[in-house]
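So you can see what is in the structure, the chains are spelled out below.
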Amino acid sequence: LVILLVILQSSCKKQVELPIVDVYGHAGISLHRDRAIFPANSYEANEYAIDVLGADGVEMDVQMTKDSVLVLFHDPYLNQSSNMDGCISQYNYDQIKDLKLDFTKYKLVKLKNVLNLTESRNIKIYLDIKTYSYCDGRISESAFQYALDMASIDLSDNHKTHVYLGMLDLEFLKNITYPTKCYESTNVNSAIQTAQNNGFQALTFQTSLIGQTESEKLNTSGLYWGVFGIKDKWSIDNAISFSPKFVITDNISYTNQITK
């Protein structure tokens, strides 16, 4: 009788299924200095996110140098998190190749080098493209296209489909040639229509913009969509509750814990 009761009780319990969500590390491990053992956007941060923390992908902030080399750097001005002044766009790569990130020993890295790392690990990448320089204005689309082609030159066609080119600037995104494009927007309804009209594969939103209605529309659109701006456990739990396809998180370990 006891055995039967145990079996009956077990059969009545609902099996909890974890949501299937791709977990991207924000700027590698995290954009926040107090949460990361390596500087944001460093080669080491991306490697650690992949190899140690088990991220499905990494998000990177991408800027272009004066001589059209794509590098990983977040801030508008160099003096906010490095030992130099001005903007990335004002320097040739050779002039800033020894730039120290967050005033540490870790150096600025080319996008090309990190793309090659991600292909060797077979993971996904989200590129947050900075199309505007606070020193020089909007960057050249043709120069950026050349820089992107050079950064991706060693990648297989298959891995290029794992690299999501993301930005706010709709016209810029439309004019760039790349197999996987992601439009960052503040309006779910118009973003879905824009993506479908232009053949974009993905959408990203600030997590505060997503509610039940918005998530239902996105999940029936067939688009690969995700959220960013999630830092603590509460905001991660909230974001995951809407069943996005991916999240860009500052806490890879906890996000993995509730999605895998």
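Quick summary incoming for the structure in this document.

What counts as what
Residues numbered from 1 in each chain as written. Predicted model: local features only at pLDDT ≥ 70, side-chain atom pairs only at ≥ 80, totals over all residues. Heavy atoms only, no water. Helix = DSSP H or I, 4+ residues; strand = E, 2+ residues; numbered from the N terminus. Buried < 20%, exposed > 50% of the residue type's maximum accessible area, 1.4 Å probe, protein only. Polar contact = N/O pair within 3.5 Å; in protein donor to acceptor, adjacent residues only side chain to side chain. Contact = heavy atoms within 4.5 Å. Arc of directions from axis to C-beta. Axes fitted to C-alpha atoms, helices over the stretch in contact; angles between N-to-C directions. Parallel < 35°, antiparallel > 145°, perpendicular 65-115°, else oblique. Left-handed = near helix turned anticlockwise from the far one by under 90°. Nonpolar A, V, L, I, M, F, W, Y, C, P; charged D, E, K, R; others polar.

1. Structural notes on the side chain of aspartate 22
Link 1 in the chain: Along the chain, aspartate 22 turns up in strand S1 (residues 22–25).
Link 2 in the chain: The class for aspartate 22 is buried, based on a relative accessible area of 17%.
Link 3 in the chain: Within polar-contact distance, the side chain of aspartate 22 engages the side chain of lysine 124 at 2.7 Å.
Link 4 in the chain: In this structure, aspartate 22 is in contact with Asp56, Lys124, Tyr224, Lys245, Phe246 and Val247, ignoring residues within four places of it in sequence.

2. A look at helix H10 (residues 233–240)
Link 1 in the chain: If you check which residues of H10 are buried, you get Ser235, Ile236, Ala239 and Ile240. Projection of H10 onto a plane perpendicular to its axis shows the buried side chains occupying an angular sector of 130°, all on one side.

3. Notes on the packing of helix H2 (residues 43–51) against helix H4 (residues 111–121)
Link 1 in the chain: H4 packs onto H2 with a crossing angle of 10° between their chain directions and a minimal axis gap of 10 Å. In terms of orientation, H2 and H4 fall into the roughly parallel class. When you trace H2 past H4, the crossing you get is right-handed. From H2, Tyr43, Asn46, Glu47, Ile50 and Asp51 reach across to H4, where they touch Asn113, Val114, Leu117, Thr118 and Arg121.
Link 2 in the chain: Here the contact of H2 with H4 is built from residues that sort into four nonpolar, three polar and three charged.

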